[in-house]
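# Structural features, examined
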Amino acid sequence: MSAPARAGVFIYAKNPQLLARFYESVLGAAVVHQNDHMVVLRSPDLQIIVHAMPPEVAPRVVISVPPELRDDAAIKFFCTVPSLAVAGEAAFAMGGEVMSEQWQGAGFVVRNAYDPEGNIFQVRETSAK
């Protein structure tokens, strides 16, 4: 087994299995551990822990289709993917989206994305610059 992750993100989910499959597909992350309450994923960039919402919170959270975006969060993570187009196809197939608007950074192109529960994150593709 590899060493403990040095960086990660913790996501509370109404449907942790669905979100774990989403991040597996979109980010190329792999399941390294799971139990009844959480799924731990690892990508080349970070560890993602998808944890079930507490039972007293989950009934109050309504997930629409498409999901209402949770754009008032104070934090947003990003991951590098080999291809924004491929990540977009995978996100759409799993109930999320990689949005079309993009920004150029020093050596990368970035787009906002959201998962099936409306959590917003970014995907980056390395570019020659």
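Described below are features of the structure shown in this document. Because the structure is predicted, anything quoted here is derived from the model rather than measured.

### A few points about the overall build of the protein
- Summing up its helical and strand segments, the protein has 2 helices and 8 strands in all.
- The linear arrangement of helices and strands in the protein, starting from the amino end, is β-α-β-β-β-β-α-β-β-β.
- In summary, the protein has a C-alpha radius of gyration of 15 Å against a globular reference of 14 Å for 129 residues, a match within 12%.
- For the protein, buried positions account for 40% of its 129 residues.
- Element-wise, carbon and sulfur atoms account for 56% of the exposed surface of the protein, whose accessible area totals about 7700 Å².
- Counting 10 positive and 13 negative side-chain charges, the protein places the centres of these two groups 6 Å from one another.

### Quick word on unusual backbone geometry
- Here V65 and P66 are connected by a cis peptide whose omega angle stands at -5°.
- Position of P66 among the secondary structure elements: in the loop between β4 (47-52) and β5 (78-80).

### A word on the environment of E101
- When you line up the elements, E101 lands in strand β6 (residues 97-105).
- E101 gets classed as exposed once you look at its relative accessible area, which sits at 51%.
- For the pair formed by E101 and N112, sequence separation is 11 residues and the distance between their alpha carbons is 7.6 Å.
- With sequence-adjacent residues up to four places away left out, E101 is seen in contact with V110, R111 and N112.

### Details of the sheet that holds β5
- Here we have 4 strands laid out as an open sheet, ordered β5-β8-β7-β6, and mixed in their pairing. Lying at the two open borders of the sheet, with one neighbouring strand each, are β5 and β6. Averaged over all neighbouring strand pairs, the angle between strand axes comes to 25°, with direction disregarded.
- Strand direction decides the pairing type here: β5 and strand β8 (residues 120-126), joined by 3 bridges, are parallel.

### Re the sheet that holds β4
- Strand order across the open sheet formed by 4 strands is β1-β4-β3-β2, with mixed pairing between neighbours. Of all the strands in the sheet, the pair left with one neighbour each is β1 (8-13) and β2 (30-34). With direction set aside, neighbouring strand axes in the sheet form an average angle of 20°.
- Alignment of strand β3 (residues 38-42) against β4, held across 5 bridges, turns out to be antiparallel. The residue of β4 that forms the bridge with R42 is Q47.
- This element, helix α1 (residues 16-27), spans β1, β2, β3 and β4 of the sheet and lies at about 160° to β4.

### Considerations on the nonpolar core
- Judged by nonpolar contacts, the single largest core of 27 residues is most densely connected at Y23, V26, L27, L41, I48 and F121.
- Counting only elements with at least two residues in this core, the list comes to β1, α1, β3, β4, α2 (84-93), β7 (108-114) and β8.
- In terms of residues, this core owes the most to one element, α1, which gives 6 residues.
- Excluding residues that lie within four positions of it along the chain, L27 makes contacts with S43, I48, F77, C79, V81, F121 and V123.

### Section: the side chain of Q47
- Mapped onto the elements of the fold, Q47 is located in strand β4.
- Apart from residues no more than four positions distant in its own chain, Q47 is found in contact with A5, A7, G8, V9, V40, L41 and R42.

So, how was this worked out
- Residues numbered from 1 in each chain as written.
- Predicted model: local features only at pLDDT ≥ 70, side-chain atom pairs only at ≥ 80, totals over all residues.
- Heavy atoms only, no water.
- Helix = DSSP H or I, 4+ residues; strand = E, 2+ residues; numbered from the N terminus.
- Rg over C-alpha atoms; globule rule 2.2 N^0.38 Å.
- Buried < 20%, exposed > 50% of the residue type's maximum accessible area, 1.4 Å probe, protein only.
- Areas by Shrake-Rupley, 256 points an atom, 1.4 Å probe, with all protein chains shown as cover.
- Lys, Arg positive; Asp, Glu negative; His and termini not counted.
- Charge placed at Lys NZ, Arg CZ, Asp CG, Glu CD.
- Contact = heavy atoms within 4.5 Å.
- Pairing = 2+ DSSP bridges.
- Axes fitted to C-alpha atoms, helices over the stretch in contact; angles between N-to-C directions.
- Core = buried A, V, L, I, M, F, W, Y, C linked by side-chain atoms within 4.5 Å.

These results come straight from atomic positions and should not be treated as a statement about function.
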